Amino acid sequence: MSSKIILLAEGNVSDIELTRRALSKSHITNELVVVEDGQEALDYLFGTGEQVDWKKSPLPTLVLLDLKLPKIDGLEVLRRIRQIPRTRRLPIVILTSSREEQDVAESYGLGANSYIRKTVDFSQFVNSIKQLGLYWLVINEPPPPPRG
Amino acid sequence: MPSVLPLLGISGWTQALKEEYIERLDEQGCVYLERILSETGRMGQLIDDLLMLFRVSEAEMVREEVDISELVEGVVDRLGKIGQGRQVELSIQPGLKAIGGRYLLEILLSNLLENAWKFARGRSPACIEFGQTVIDEEPVFFTRDNGVGFDMQCPGKLFGAFQRLHVNSEFLGTGIGLSIVQHIVHHHNGRVWADAAVDRGATFYFTIQEET
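These figures come from a predicted structure and were not determined experimentally.

A.B. asks: So what about the overall build of chain A? Which residues, and what values?
C.D. replies: The helix and strand inventory of chain A stands at five helices and five strands. Its helices and strands in sequence order give chain A the pattern β-α-β-α-β-α-β-α-β-α, from N to C terminus. The buried share of chain A, reckoned over its 148 residues, is 53%. Across chain A, the fraction of contacts at a sequence separation of at least 24, relative to all contacts at a separation of at least 6, is 65%. Per element, the accessible surface of chain A, about 7400 Å² overall, is 50% carbon and sulfur.

Spelled out as structure tokens, the structure:
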């Protein structure tokens, strides 16, 4: 299970570290790749960035995507991910503090696999991370790798 | 309206401090940490309530016939699942209907019934009644509880935002619920008022006008 990479796209440093903490508390030891804005997320996934070597950046097993990302927002990132064959089937979990019904609807409309609202209470947050980690990294059968 | 909550950070890092540095804090320090955590929870509730108030005042309403009794049953059912093991005697008049916005009416009823549920805590059994009566030839809905009630000396303040008639340690709340209720009733061109006495329960009345 440890070869399965989690990509976390999150613009807020505090939330990045909290997610890291929640993962470690849930004993999820998978490699965590962090990108801090929407452009970086797409660079990583499409292998388009300067620092990113396509061959060396295998697709993550799971993407945790915040909606309020700098540069390119989360919904746009999602839209572009779904347009490319390489990432079309990638499991994407929206992990956000947005409580707008419209964001939920749009996320699913654009092909998100799940939508998790960050709670105020940290122990609830840890519990959410634990459950989603278990589900997406262990229970769920991932899509077959893209060809080419 | 986007709500980006730094609150998760506040509660998360406070929790981290508690877990990793507890030995270096004395008893008073631990009390302060607990207070930060509980206040953060309250802030979260407050933001949720304010967002609700905002949505309610912005909401566009589609008027339709709404089965009020059924909505009440639904709300009470949900409350019952949260407050497991509480003895509550319910009396809900069946078959009550009104013309209005279903979503808004559900929020209205939730707020009134949650209040009744909350303030009747400690009564054994707690009694909550929902029904319709006629006052001055006008049909009026009401919720009645046998809870702690309140002093009717400043009834005008009752529906103001942040107004609280009980101290926080007794009953949790943000003081926005009744403002939401009032907003929704006014949206339906109705009136809302209360009748209560300390330790003798409270009754909230409201009307819903079918025509704008």
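This is not the end of the story, as more comes after the structure.
A.B. asks: Explain the interface of chain B and chain A residue by residue, including any values.
C.D. replies: Between chain B and chain A, the residue contacts involve 21 residues of the former and 16 residues of the latter. Together, the buried faces of chain B and chain A total about 1600 Å²; carbon and sulfur atoms form 56% of this surface. Connecting chain B to chain A are three salt bridges. At the boundary of chain B with chain A, the tally comes to six residue pairs in polar contact (both at pLDDT 80 or more). Contributing elements (two or more residues each) for the side of chain B that touches chain A: helix 1 (7-21) and helix 2 (27-58) of chain B. Considering each element in turn, the side of chain B that touches chain A owes the most residues, ten residues, to helix 1 of chain B. Classifying every residue of the side of chain B that touches chain A gives nine nonpolar, eight polar and four charged.

A.B. asks: Explain the pattern of salt bridges to me, and be specific about the residues and the numbers.
C.D. replies: All chains considered together, the criterion is met by 18 salt bridges over all chains. Residues Glu20(B) and Arg21(A) are paired through a salt bridge, measuring 2.5 Å at the closest nitrogen-oxygen approach. Taken as a pair, Glu20(B) in helix 1 and Arg21(A) in helix 1 (residues 13-25) lie in two separate chains rather than in one. For Glu20(B), a relative accessible area of 44% translates into the label partly exposed. Classification of Arg21(A) by relative accessible area gives buried; the value is 14%. As a salt-bridge pair, Glu114(B) and Arg78(B) come within 3.4 Å of each other at their nearest N and O atoms. On the criterion of sequence distance, the pair formed by Glu114(B) in helix 4 (residues 102-119) and Arg78(B) in helix 3 (residues 68-82) is long-range, its members being 36 residues apart.

A.B. asks: Lay out the sheet that holds strand 7 (residues 202-206) of chain B in plain terms, naming residues and giving numbers.
C.D. replies: All names here are of chain B. A sheet is described by the order of its strands in space; here five strands give the open sequence 2-4-5-7-6, paired in mixed fashion. Looking along the sheet, the strands with just one partner apiece sit at the ends: strand 2 (88-92) and strand 6 (192-196). Adjacent strand axes in the sheet meet at a mean angle of 20°, parallel and antiparallel pairs treated alike. Alignment of strand 6 against strand 7, held across five bridges, turns out to be antiparallel. Paired with Asp-195 across the strands is Thr-203, a residue of strand 7. Lying over the sheet, helix 3 contacts strand 2, strand 4 (126-135) and strand 5 (138-145), oriented at roughly 165° with respect to strand 2.

A.B. asks: Hey, could you go over the sheet that holds strand 5 (residues 114-117) of chain A for me, with residue numbers and the actual values?
C.D. replies: Whenever strands of a sheet pair, they do so through backbone hydrogen bonds, lying parallel or antiparallel. Residues and elements named next belong to chain A. Strand order across the open sheet formed by five strands is 2-1-3-4-5, with parallel pairing between neighbours. Two strands close off the open sheet at either side, each with one partner strand: strand 2 (32-35) and strand 5. Between one strand axis and the next, the sheet turns by 20° as a mean value, whatever way the strands run. With four bridges connecting them, strand 1 (residues 6-9) and strand 3 (residues 62-65) associate as parallel partners.

A.B. asks: Lay out the packing of helix 1 of chain A against helix 5 (residues 122-139) of chain A with the relevant residues and their values.
C.D. replies: All names here are of chain A. In contact at an axis separation of 9 Å, helix 1 and helix 5 are set at 65° when each is read in the N-to-C sense. The crossing of helix 1 and helix 5 is right-handed. Judged by residue contacts, Leu-18, Thr-19, Arg-21, Ala-22, Leu-23 and Lys-25 of helix 1 engage Phe-122, Phe-125, Val-126 and Ile-129 from helix 5. Looking at the contact of helix 1 with helix 5 residue by residue, the classes come out as seven nonpolar, one polar and two charged.

A.B. asks: Go over the packing of aromatic side chains with me, naming the residues and quoting the values.
C.D. replies: All names here are of chain B. Applying the stated criterion to the full structure yields six aromatic pairs over all chains. Note on Phe-130 and Phe-141: the rings are 6.1 Å apart at their centroids and 20° apart in plane angle, and the pair reads as stacked. Residue Phe-130 is found in strand 4, and its partner Phe-141 is found in strand 5; the two are separated by eleven residues along the sequence. The same class applies to Phe-130 and to Phe-141, which are both buried. Between the aromatic rings of Trp-193 and Tyr-205, the centroid separation amounts to 5.4 Å while the plane-to-plane angle is 15°, which identifies the pairing as stacked. With Trp-193 in strand 6 and Tyr-205 in strand 7, this pair connects stretches of sequence that are twelve residues apart. Given the relative accessible area of 25%, Trp-193 is considered partly exposed. A relative accessible area of 12% places Tyr-205 in the buried class.

Rules and cut-offs
Residues numbered from 1 in each chain as written. Chains lettered and ligands numbered in written order. Predicted model: local features only at pLDDT ≥ 70, side-chain atom pairs only at ≥ 80, totals over all residues. Heavy atoms only, no water. Helix = DSSP H or I, 4+ residues; strand = E, 2+ residues; numbered from the N terminus. Buried < 20%, exposed > 50% of the residue type's maximum accessible area, 1.4 Å probe, protein only. Contact = heavy atoms within 4.5 Å. Areas by Shrake-Rupley, 256 points an atom, 1.4 Å probe, with all protein chains shown as cover. Buried area = accessible area lost by both parts, 1.4 Å probe. Salt bridge = Lys/Arg side-chain N within 4 Å of Asp/Glu carboxyl O. Polar contact = N/O pair within 3.5 Å; in protein donor to acceptor, adjacent residues only side chain to side chain. Nonpolar A, V, L, I, M, F, W, Y, C, P; charged D, E, K, R; others polar. Pairing = 2+ DSSP bridges. Axes fitted to C-alpha atoms, helices over the stretch in contact; angles between N-to-C directions. Left-handed = near helix turned anticlockwise from the far one by under 90°. Phe/Tyr/Trp six-rings, centres within 6.5 Å; stacked < 30°, edge-to-face > 60°.

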